[in-house]
Structures are given as C-alpha cells and as structure tokens.
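Structural description and commentary
If you want the building blocks of each chain, they are given just below.
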Amino acid sequence: MSFRHLTFTSALLAVALTSGGLAISVTTSSAATLDEGLVVHYDLTQTSGATVADTSGFGRDGTVSGDTAWLGAEGLRLGGTNGHVRLPDNVLRGLTDVTVSVQVDLATDQSVPYFVWGLGNTLNDTGNGYLFATGNQFRASIASGNWSTEQTVDSGRDLARGSWRTITYTLGSGTAILYEDGVEVARKTGVTTTPGAIGDGTTTANYLGRSVYPSDRYLKGRLRDFRLYGRALSAGETRELGRTTASGRPAADVAALDLGDTSAVTEDLTLPARAVGGSAISWESSRPSVVSAAGVVTRPAPRTGNATVTLTATATYAGYTAKRDFTVTVLEDITDRQKVDNALKDLVIHDEDAIRGNITLPAKGARDVTFTWQSKDPGVVTATGEVTRPPAGAKPRKARLSVRATKGYTTGTRHFTLTVLPLPKKAAMEGYVFAYFTGEATQDSEQVHFAVSRGNDPLHWDELNDGRPVLRSKYGETGVRDPFLVRSPEGDRFFLVATDLQINDGRGWDAAMRHGSRYLEIWESTDLVTWSEQRHVLVSDATAGMTWAPEATYDPLIGAYVVYWASNVYTDAEHTGPTYPRMMYSTTRDFRTFTRPQVWNDPGRGVIDSTVIRDGEYYYRLTTDEKVIGSCQRDIVLERSRDLRAVDLPGTGPRNWELVDDCIRTGVGTDWVEGPTAFKSNDGSKFYVFMDETPRRGYLPFVTDSLANPNWSIPADYQLPAKPRHGTVLPVSMAELDRLRQGPPPVRATKKGVVVDYDLTGGVGTAVADESGFGRTATIRGDVSRSSAGLVFGGTDGYLDLPGTLTAGLDAMTVSAQVWIDSASSLWDLGSAHALPGGSWHTITYTLSNGTVRLFDNSVEFARVDGVTTMPRELGGRYFKGKMRRLTVWNRVLTAPEMGQR
C-alpha cells in the first residue's frame, strides 16, 4: 500500500502497516492542517535527555548522541564532530509522497560535504538509497542507490549561514519542490524514485545532522521543529511552516546593514540590493540631488557647507518588510585647485629608480582630473610609457617626464626623473623551474611551491625548501592555487600570478564558483629567489563568480601582457542563475593596473585552464574543453592564431583560433586532465605539456616533436615533484638554476643581529616604521588600535603583519615583545595556545633554532615545541588580546643574559 494525499475524506484516517516490528501510521484530512499526515515530529526544544520526543502521537522517538547540547527554545545544538539525532528504522516505508522540513541555523564554519538530514541506508561506507538535504549548493535529492542515482532539486546557491532558516522538501506525483522559509526556490519534475521504494521500505540509517555517507562531515549548528509527512504539503502549508523564520528575517537583515562611517562622506556609497540574509533591499533618499537612491554622491559646492541626507533602507523577504534610516553627512566639495594638487601628489611611477620595461602612465586621476604626459627623452621613455633600455653593458640612462594635470580651468605640473637600466646579457637556458601547489589537504597545500630540474632535464625534478611553500598568501582567501610564472621580454623580471582560492576552508566548490574571489594574487622578482610583497589586485567585474587559473603572455603588438583566466559569468546580482566558465582576458604592463576584462574564448559551453606558447608566427593555445570545441569529453584541445587577442564567441564561425588537435589525453589513454602548462625544451627539439590527471596520478608529462603536427606520448621515465598540481614550468639559465637551489640570501641585520625593531607606542595609521635602519615597515591589520601605551589587540582578528622577506635565509631567530596580556592567548601560532600571565607587562621572547621553539616570560622558559619547520609570519596571531609596546627580531638566538636585559 502507498500513502498519497488522502484528501478524499474529511474524517481522520489511520492506516497501519506492520513490518519488522514497526507500525507506520499517517493521519490526514481535507482540512489540511499542519498536524495532518505527520509521520514524525520532533520540536527539539526540550532541555535534557538522550531521547528525542516524537510529538506526532505515534511514539517514534529519536535518540540524540555525540557532541550535542539542548538549548530549550533555541533548539538542539550540534557540535560538528559526531553529534546527531537517529530516527527509528523504516520511517519511509510505504510512502509514495513525502514532505521533510526542519528549522536549521548553520554554523558559519560548517565544513562540507554534509547533510542536514539523511534518511536511507549505508552499504560499504557508501549511501545506498536515501533522501537528503544539504545547504551546500542548497539542494535535496532522492536516490535509489549511490550518488549516481540521485534525482536532485537544486537552488543553485548555498544556504545562508549564521541565522535560522526553514528548509522544506516536498515530493508528490513525481514533482519535487524545495522551499526556503516557505518560499519556493527550486522545482524538479519527472522524479521516478519514491520514498517507500528506498530499500524496499527498509531504511536503517535515518539521521538528523549526519550523512548516510560515513566520510562526510557532521552538521554544525542548531536544529528545531523537524517534521516528516506522508504527503506533499501545499505551498500555503509550507509558507506557514516557514513563518517563524521568515517573519523576522527583514528586521534582522536591515539591522545588519553597514554603510561604514557616514559622518563625513566624500565618495559614492555602495548601497546593497540584497542582504546577506536574503532580503531584497530598496533605498530612498531624502535629498536625491546630494545622495541618490543608487548611492551616487554629489558634494555641495565649495564654501556652501555640508549636507545631511537620510537614506531609508527597506528590507523585503517572503512578503515581510522592515525599514531602517541612515543619516549621511556629505562634506562640501574641495576646489579644483585642491583636486589638481591632490591628484599630482598621489601620482606614483613604480620602480622609477630601476625601470626594466614599459610603464603605465595614467590618463586620469581622482576626482576626474586629466593627465597629459610629455617626455624630454622619448628615445628612452616615451610620453605613453614605452621604454627603450640601453644595451647590455652600457650605463643606466635618465629619462625626464612631466605631467600636466587639468580640472576645469585649473592646471598643475609635476616632473619625474626615471632611471632606465641596461638590458641584461643574453644567457642560454640550461634548466627549468616549476611553480605549483599541492592540493587542498592542508593550509600549506594551497600555497606556492617550487621545484627545479636536475640540470637541463625537464623530466626529473628536486623540490625546493624541503617541499614546503616558498610563497604564502596573506590576502583574500589566504590560499593560492594555479601559480603561473612569466618572464619579461627583456629577460630580467618575473611575475607570478595565482588564483585567490582556498578549498581547505571547507566552503565547497559551488560557493567558490558562484561567489569566489575576483582578485589575482601577484608577486614580482628580478632573480626568482627574492620576491616582492604580495599584491592583491581586483581584475574581474561583479558579474564574475570566480577568477581561476590566470596566465599571462607578452604581446609585442601592444607592448603589454595579455592576462587570461576562467570565470563563470552571471546575469543576476546573486549569481544564482545557470552559467558556465569561459576564458576572459585583460592587459597590463606592470601587473598593477589592468584594463577592464573582456571575453576571450566563449564557445557556448564550459572551457577552462587555457595556456599559450608561441612557436614561429603562431600562438598555440591548449584548453581544457567539455566536448565543445573538440570531440572528446573533459579533454584538451590545441588551437592556434597569429593574433593573441583574437576573440571567439558562440556565434563566431569559423572560429578565429584554428583547431589543430583535440582528444589529446584520450589518444594517449589517460583519465580526464586539466591545468595544462606548456614549454619548449631548451635544446629546441621537443614541446612538453604537463597536464594534471586529477582523478589519478596528478601531473603527467606529455611530449610532442611538433605543435603544428603533434605526435603526443608520455615518456616512460620521469620523476616529477611529489604532489604537483596546476602550475608552470619556466626555462631558466644556469645562473638562475644555481641561485634557486641556493635559496634566498640571509636577510640583512645590524652588527648585533637586529633584523627589525618596532616601537609600537603612539603613532597614527596602519604602517609601523622599522627603527633598525632597513626600512622593513610592518602593517597593522584587523582589530588593532594605536595608543600611547602601545598597540591594542582586540582578540578577534588583529595582528601585526611583518614583511614577507623577514626570515629569508635564516636558520635561527629570536623575537621579543613587551606585552600586556588580557587573557590566555597566543602570540605565535604554534599549533596550540600557551597560557600567559595577565594583568601586567611582560617581555615574552620566542627563539627558534634546529627546529625547536622556546618561549620565555621575562627570560624564564615556560614552553617548548619541537619539530617546527617554518618561521612565524604574523606577530599577534589571530588570538592575542592585550597590548604590545615593543617588538624586535634578531637573526640569532639571544643568550640568557641578553634576554635578561630586555
């Protein structure tokens, strides 16, 4: 027997099935109240006990276990380790239609994958028939077997975290509908599996907060009001279920809006159209001529006084609304003279004392000031920034530039004198360097690793820095993937660009593709060993869901680099609609200023991971293709064009990039691949393309004698680094290879070994001056404020960010700080917190030598950690709460008497 809506009678109908010792009863009526048709109902608001009471009246109590806590009206808290609720067996038996609903408050650090509920079976550590819902790409599925049998209704976005939501799934007559707070967010027709068919009615893995896949993560957050019905609720009934969480959403969302400091506004305001919690936000302005409803600011004329405006935000969610007023004070405008003077003062020509290539000379400054450039030495640097370097062995040359700034009838002039370095001597390429990341297993995996070839052999490699990261990200998502190395056309400058992405943090791939970073992470070097500070540069516009696998190729036709990457492009602000990845590009001269991105390769469906190599008159492009350009699934296509910036769109025919070869990995016989990196052997005899066989072996070296007429093979003998993932191979000279093996030279220090010395008392701004004499400025980040007693750390996310080259070449060091500890906290992240005395000033000293860290309080050792392999990157950690007034770093371990003098 199966249970359908059973609306054919107004009487209560009790139907009992008995099998395996459990009787399943369903009550329903044409009145369609929320108590009718219940199979199980857990309100989850009790205050104690291991038994979860079933209030449906049928006694199908559950059992709670693991890291859980009863919170009364706030529900059941699950800790994310092993806490969950187990339901009785066979709760889906006999059900043709079903509704499952629960109120959930997901923790902001919920790891993926996870289930909110999972009702079904497990076989050999795999789900084997089940019904589940997850907030990861908010979706619900019913499956007759493992994941490959899932029939999914998918919202196309993640469920918001950190606030209560009611998620409801209904399945009736083959149509599955997913609701959030009573509002339909997705629908799927043609569902052929019924709940009662799962396990032929036998289900023994029925959980709240736990997956039927044992290796998945447990739920972390809170649950209330779990309901399982033997019928599909109507839209009106699901709206009623969602009332509790929906009604308070607009007020919570409007209260959470933050426009920053609006007491002295001078620039346009960003007025969000949607709150993080999901409410749509509309705006009204009391004085649209000063601040429009779109946030456009028009400052009052100079000497007319400031203006006060009231902006009213209205939050709307599921038919409920709430309002909030913001008071905005717009400062009167500055004069054109001030605008011109400020624009000239803010002008920067980077590396003006050591110019190595074409430079960016901006045409516009802030406040719409126009710049006009002139050169007195156009043979060295033109008025548009083209640079002609002296020949190798010559002396540097000077170039004098002037810029005229104009605003209205007001003008001003500034002069620059640049030093242009001679070209480097030509050197034969006799080795290779390989930049890559190693996966997402740990924080270190998603950083930049280096390896070098054994001599001139591109198939055998040695890892640098003992396999540890050489460059680490401290901006954006603080993870970097897909590092790409490019050498300047002059030969003596290198740029490394990488994806700003961290998967190790547990957000999942869908969030990364829909709401991922729009920035590139960039480092610069002149020797491949000593690198600049990281640059976190916005390149994609707001339509992009992510900015992945950037690469760069120099285009001599424009004297700039063409930088290209993959982005999902959306037409809706929330990035919820369907889309696919395509290749975008921008141009830059200095990897600081980028042109607006535009489409480079969009065949109409997904392409990613393009890499380009020039051979003769052609640029050859290899791309990971989903059987769009080529004829094989998840394979690599090879195309060519004489024009690097030739664009292909869905309607382009014939394509501007000519197809040379496809089904490359299929022809060789590998599993699917991605992330190709291409280079020509230094002897000119072969072309290598390393491709990432992600499901199996990782990077594999493909080789061909020609790109125009490929004959691909995989050499029998090769030894790549241990776990390389998507990266770059770059030919290098013997001197560069030797320098890479030696590593960076030791950081310079005073005669006493002082590397940096910071007086942290007083001062203004985020930059902290270095008193050692080496100019190694530190930066205040997070909840840190200045005071006459020293830096005050708030204990949430504040730290003192030290220069990235601070520990270069050191095998021992001492760090000493004078601190006032407010609570048990950590100055350095050593993998565990060390309780330090609070309530008074202490000199805390950290030493590292031979892999052993020792911590001293006023020269008395109180902690020791062995096996430390990395130097600290941040002082103040992410946990320190208190004050710090002095910080000094040495390139050696201080003696006990020296510590006593601190």
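Conventions we followed
- Residues numbered from 1 in each chain as written.
- Predicted model: local features only at pLDDT ≥ 70, side-chain atom pairs only at ≥ 80, totals over all residues.
- Heavy atoms only, no water.
- Helix = DSSP H or I, 4+ residues; strand = E, 2+ residues; numbered from the N terminus.
- Rg over C-alpha atoms; globule rule 2.2 N^0.38 Å.
- Buried < 20%, exposed > 50% of the residue type's maximum accessible area, 1.4 Å probe, protein only.
- Contact = heavy atoms within 4.5 Å.
- Areas by Shrake-Rupley, 256 points an atom, 1.4 Å probe, with all protein chains shown as cover.
- Lys, Arg positive; Asp, Glu negative; His and termini not counted.
- Charge placed at Lys NZ, Arg CZ, Asp CG, Glu CD.
- Pairing = 2+ DSSP bridges.
- Disulfide = S-S within 2.5 Å.
- Phe/Tyr/Trp six-rings, centres within 6.5 Å; stacked < 30°, edge-to-face > 60°.
- Lys NZ or Arg CZ within 6 Å of the ring centre and 35° of its normal.
- Arc of directions from axis to C-beta.
- Salt bridge = Lys/Arg side-chain N within 4 Å of Asp/Glu carboxyl O.

**So, the overall build of the protein chain**
The secondary structure content of the protein chain amounts to 8 helices and 56 strands. Taken over the C-alpha trace, the protein chain has a radius of gyration of 31 Å; the compact-globule value for 902 residues is 29 Å, and the two agree within 12%. For the protein chain, the spread of C-alpha atoms along the principal axes amounts to about 100 × 70 × 65 Å. Here the protein chain, with 902 residues, has 53% of them falling under the buried criterion. Within the protein chain, contacts between residues at least 6 apart in sequence are counted, and of these 61% link residues at least 24 apart. Only carbon and sulfur atoms are counted for the fraction: they give 49% of the accessible area of the protein chain, which is about 37,300 Å². Once the 93 positive and 103 negative side-chain charges of the protein chain are each reduced to a mean point, those two points are 5 Å apart.

**Side note on the pairing of strand 56 (residues 881-890)**
Direction of pairing for strand 45 (residues 754-759) relative to strand 56: antiparallel, over a ladder of 5 bridges. By the bridge assignment, Val756 is partnered in strand 56 with Val889. Note that strand 49 (residues 791-794) and strand 56 share 4 bridges and pair antiparallel. Along strand 56, the bridge assignment pairs Val792 with Lys883. One ladder, built from 8 bridges, connects strand 51 (residues 812-821) with strand 56; its direction is antiparallel. Within strand 56, the residue paired with Ser816 across the bridge is Thr888.

**Re the state of the cysteines**
Think of a disulfide as a covalent bridge from one cysteine sulfur atom to another cysteine sulfur atom. Using the criterion set out here, one finds 1 disulfide in the structure. With a sulfur-sulfur separation of 2.0 Å, Cys632 is cross-linked through a disulfide to Cys663. With the S-S bond torsion at 95°, the cross-link from Cys632 to Cys663 turns out right-handed. You can see Cys632 sitting in the loop between strand 38 (618-625) and strand 39 (635-641) and its partner Cys663 sitting in the loop between strand 40 (658-661) and helix 6 (664-668), a full 31 residues away along the chain. Taken individually, Cys632 and Cys663 each receive the classification buried, so the pair is uniform in this respect.

**Let's talk about unusual backbone geometry**
Across the chain, the bulk of peptide bonds are trans and the bulk of non-glycine residues have phi less than zero. Cis rather than trans, the peptide bond between Val112 and Pro113 has omega equal to -5°. Here Pro113 shows up in the loop between strand 9 (98-106) and strand 10 (117-123). For the bond from Gly653 to Pro654, the omega torsion is -5°, close enough to zero to count as cis. Within the fold, Pro654 resides in the loop between strand 39 and strand 40. The backbone phi angle of Asn124 is positive, close to 55°, even though this residue is not glycine. Its place among the elements puts Asn124 in the loop between strand 10 and strand 11 (126-134). Here Asn124 falls in the exposed class, since its relative accessible area comes to 67%. One non-glycine residue, Cys663, adopts positive backbone phi at about 55°. A relative accessible area of 17% means that Cys663 is categorised as buried.

**Description of the packing of aromatic side chains**
For any pair of aromatic rings, geometry is given as the distance between the ring centres together with the angle between the planes. By the definition in use, this model includes 28 aromatic pairs. On the basis of an interplanar angle of 80° and a centroid distance of 5.4 Å, the ring pair of Phe679 and Phe690 is categorised as edge-to-face. Here Phe679 is found in strand 41 (residues 674-680), whereas its partner Phe690 is found in strand 42 (residues 687-693), with 11 residues between them in sequence. The two residues Phe679 and Phe690 agree in class, both being buried. Aromatic ring contacts, followed pair by pair, group Tyr432, Phe434, Tyr436, Trp461, Phe679, Tyr688, Phe690 and Tyr699 into a single cluster. One residue, Arg582, lies across the ring of Tyr580, its end atom 4.0 Å from the ring centre. Across the ring face of Trp600, the terminal group of Arg621 is positioned such that the distance to the ring centre comes to 4.6 Å.

**So, helix 7 (residues 734-742)**
Within helix 7, burial applies to Glu736, Leu737 and Leu740. All buried residues of helix 7 lie within an arc of 100° about the axis, which places them on one face of the element. Looking at the buried side of helix 7, the elements it contacts are strand 26 (429-437), strand 27 (449-454), strand 29 (480-487), strand 30 (494-500) and strand 44 (725-733). Where helix 7 terminates, the next one or two residues include Gly743, which has phi positive at roughly 85°.

**Here we look at helix 4 (residues 336-346)**
Within helix 4, the full set of buried residues consists of Lys339, Val340, Ala343 and Leu344. Each buried residue of helix 4 lies within a common arc of 125° when the element is viewed along its axis, so the set occupies one face. Structural note: helix 4 exposes Lys345 and Asp346 on the side pointing more than 90 degrees away from its buried face. Among the structural elements, strand 23 (369-375), strand 24 (397-407) and strand 25 (410-420) are those in contact with the buried residues of helix 4.

**Concerning the pattern of salt bridges**
The full count for this structure, using the stated rule, is 57 salt bridges. With a shortest N-O distance of 3.9 Å, Asp336 and Lys339 are connected by a salt bridge. Here Asp336 and its partner Lys339 are both found in helix 4, 3 residues apart, which amounts to about one turn of the helix. In this structure Lys339 comes out as buried when scored by relative accessible area, which is 9%. With a shortest N-O distance of 2.9 Å, Arg487 and Glu736 are connected by a salt bridge. Linking Arg487 in strand 29 with Glu736 in helix 7, this pair joins segments that are 249 residues apart in sequence.

Shape descriptors only; they carry no functional weight alone.
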